[in-house]
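# Report on the structure
Chain residues, written in single-letter form:
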Number of protein chains: 2
Amino acid sequence: MAQKNLLKYILLGLITEKPKTGYDLKKEFDTEIGEFWSVKHSQIYLELKRLEKEGEITSDTGFFGNKVEKTYYAITALGKKHLDEWKYSYDTALAVNKDEFVLKLYFIKDRHDERLPSLLKEQLDMRQEKLSHLEGRRTLLFSTPQDIEKQYGHYLILDHAIRRESEYVTWLKEAIDSLKGNEK
Amino acid sequence: MAQKNLLKYILLGLITEKPKTGYDLKKEFDTEIGEFWSVKHSQIYLELKRLEKEGEITSDTGFFGNKVEKTYYAITALGKKHLDEWKYSYDTALAVNKDEFVLKLYFIKDRHDERLPSLLKEQLDMRQEKLSHLEGRRTLLFSTPQDIEKQYGHYLILDHAIRRESEYVTWLKEAIDSLKGNEK
DNA sequence: CCACGCATGTAACAAGTTACATGATTGA
DNA sequence: TCAATCATGTAACTTGTTACATGCGTGG
């Protein structure tokens, strides 16, 4: 996805709350946001330098009570403006949901392929594990209506991730069932 | 997604059935396969040249009864071997489902944001349209059990795409409903 | 003292997009 | 005749991955 540079807006969005280091930002991709975007730390540090050069963020390097030098990045007025423009922009087209597993299935034309059940089963295990993990997070983070109220966007995307994985699990289970007794 | 080069396997998979031109391959991304991978024609032609150089495919250029010169690509034994290895390989990790719309929501912290309903509504319209289109294709392509039997992998991924979009639609509808009467 | 996590970066490369470019055919 | 579709490609660029690199702090 060249050109659109969503990482820019994600980083701006994440430091809006409070200034953060590259490492802080990297860690954010380990939880909810990681369900909908991924990036390597090398790319984050590169992008932060660029954003600073372009005046979207400012940096503050020093030893903040610690022994280790850190660089905190904060959003500027320009950065806020661009973030807002993105947040409220309308998409005209739906992006593609790339999925390697589904593509593999597409090329297994034969319903009676003996390796098909184990491929489905392995994917099911991974998806179920992920689903459990996400449900655990919802319980942890959103146990009261006030929690939901305070972080509504966050709640919505976690809820969406859970539904998405539930759908995946249901689909796989039905596919596995539909093969039972059909093993040629 | 550098390095993994899924396009290679998709192209190999698509020409396994019969030899195809770059243009034929490009068109395949307009239907089901486009739900799970996208690519520009420039990339396809580049990849085809590379695959030929690496002995995965062979090419045949000429005027096949037409006035226009075309190049047909066919898979080699080596290509078949690599395609098979990929088809039956197990994934160890789940790839990230990148989704710009969901990320936007994440950064709209305020449930009472007046621009939130229209953003949700616009997305809902697009997703509903897509869902209708996919359901139309299922009706068209898989009206009988024999159709499903003949192209089982194809059926599975179309079914999955439909369920995925249904989930998206349900999620958006519920989110919109949950905002009703809450407009601060 | 050693492994692991914290913290930051560079370099080489691969993958994918955008724009440019050309020319033929087909149907309205 | 004019637009759309067929058909193929190159060049410049951006995004993202992989690998390499360094050094400190903390807990077992």
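Here the structure is a predicted model, which means the values were calculated and not measured. (Residues numbered from 1 in each chain as written. Chains lettered and ligands numbered in written order. Predicted model: local features only at pLDDT ≥ 70, side-chain atom pairs only at ≥ 80, totals over all residues. Heavy atoms only, no water.)

## Section: the domain arrangement of chain A
Residue and element names in this part refer to chain A. Put simply, the rule is: The start and end points of each domain follow an automatic or database-based domain assignment. Only heavy atoms enter the contact rule, under which two residues are in contact if any of them lie within 4.5 Å. Summed over both partners, the accessible area (1.4 Å probe) lost when two parts come together is defined as the buried area. Salt bridge, as applied in this entry: a Lys or Arg side-chain nitrogen positioned within 4 Å of an Asp or Glu carboxyl oxygen. Two N or O atoms count as a polar contact when they lie within 3.5 Å, although within protein this holds only if one can serve as hydrogen donor and the other as acceptor, and sequence-adjacent residues are included solely when both atoms are side-chain atoms. Residues are grouped as follows: Ala, Val, Leu, Ile, Met, Phe, Trp, Tyr, Cys and Pro are nonpolar; Asp, Glu, Lys and Arg are charged; all remaining types, including Gly, are polar.
As far as domains go, chain A holds domain 1 (6-87) and domain 2 (100-179). Taking the mean C-alpha position of each, domain 1 and domain 2 sit 30 Å from one another. The interface is formed by 4 residues belonging to domain 1 together with 10 residues belonging to domain 2. Summed over both sides, the interface of domain 1 with domain 2 buries roughly 620 Å², with 57% coming from carbon and sulfur. It is Glu32, Glu35 and Phe36 that lose the most area in domain 1 upon contact with domain 2, and together they represent 89% of the buried surface on that side. Along the contact surface separating domain 1 from domain 2 lie 3 salt bridges. Two residues, arginine 137 and glutamate 32, come together in a salt bridge whose shortest N-O distance is 2.6 Å. For the interface between domain 1 and domain 2, the tally reads 4 residue pairs in polar contact (both at pLDDT 80 or more). Here the side of domain 1 that touches domain 2 is composed, by residue class, of 1 nonpolar, 1 polar and 2 charged.

## Here we look at the sheet that holds strand E1 (residues 20-21) of chain A
Residues and elements named next belong to chain A. What counts, and what does not: Only when DSSP finds a minimum of two bridges between them are two strands counted as paired. Only DSSP runs of H or I covering at least 4 residues are called helices, and only runs of E covering at least 2 are called strands; the numbering of each starts at the N terminus. Here an angle of 0 to 180 degrees is reported between the N-to-C directions of two axes, which are lines fitted to C-alpha atoms, with helices fitted over the stretch in contact.
In spatial order, the strands read E1-E3-E2; together these 3 strands make up an open sheet with antiparallel pairing. Edge positions in the open sheet fall to E1 and strand E2 (57-62), since each of these has one partner strand only. One ladder, built from 2 bridges, connects E1 with strand E3 (residues 70-75); its direction is antiparallel. Looking at E3, one finds that lysine 20 is bridged to tyrosine 73. Against the sheet, helix H3 (residues 41-53) contacts E2 and E3, and its axis sits at roughly 115° relative to E2.

## Quick look at the UniProt feature "domain: Transcription regulator PadR N-terminal" (unreviewed entry) in chain A
For the record, the criterion: UniProt positions are given in the numbering used here, feature names are shortened, and annotations may be inferred rather than shown by experiment.
What UniProt calls "domain: Transcription regulator PadR N-terminal" (unreviewed entry) maps, in this numbering, to residues 11-84 of chain A. For residues 11-84 of chain A, the end-to-end C-alpha separation is 13 Å, with 47% helix and 19% strand making up the annotated structure.

## A word on the packing of aromatic side chains
As a reminder of what qualifies: For this analysis, a ring pair means two rings from Phe, Tyr or Trp (six-membered ring only for Trp) whose centres lie within 6.5 Å, classed as stacked if their planes differ by under 30 degrees, edge-to-face if by over 60, and tilted for the remaining angles. Burial classification: accessible surface area is computed with a 1.4 Å probe over protein chains only, and a residue below 20% of its type maximum counts as buried, one above 50% as exposed, and the rest as partly exposed. Cation placement over rings: the criterion is NZ of Lys or CZ of Arg within 6 Å of the ring centroid and within 35° of the ring normal.
For the coordinates displayed, the defined rule picks out 12 aromatic pairs over all chains. Taking the centre distance of 5.5 Å and the plane angle of 80° together, the rings of A:Tyr168 and A:Trp171 count as edge-to-face. Taken as a pair, A:Tyr168 and A:Trp171 lie in helix H8 (residues 152-179) at a separation of 3 residues, close to a single helical turn. A:Trp171 carries the same exposure label as A:Tyr168, and that label is buried. Aromatic rings pair up to connect A:Tyr9, A:Trp86, B:Tyr106 and B:Phe107 into one cluster. Geometry around A:Tyr168 places A:Arg127 over its ring, the cationic atom sitting 3.6 Å from the centre. Positioned over the ring face of A:Trp37 is B:Lys98, at 4.1 Å from the centre of the ring.

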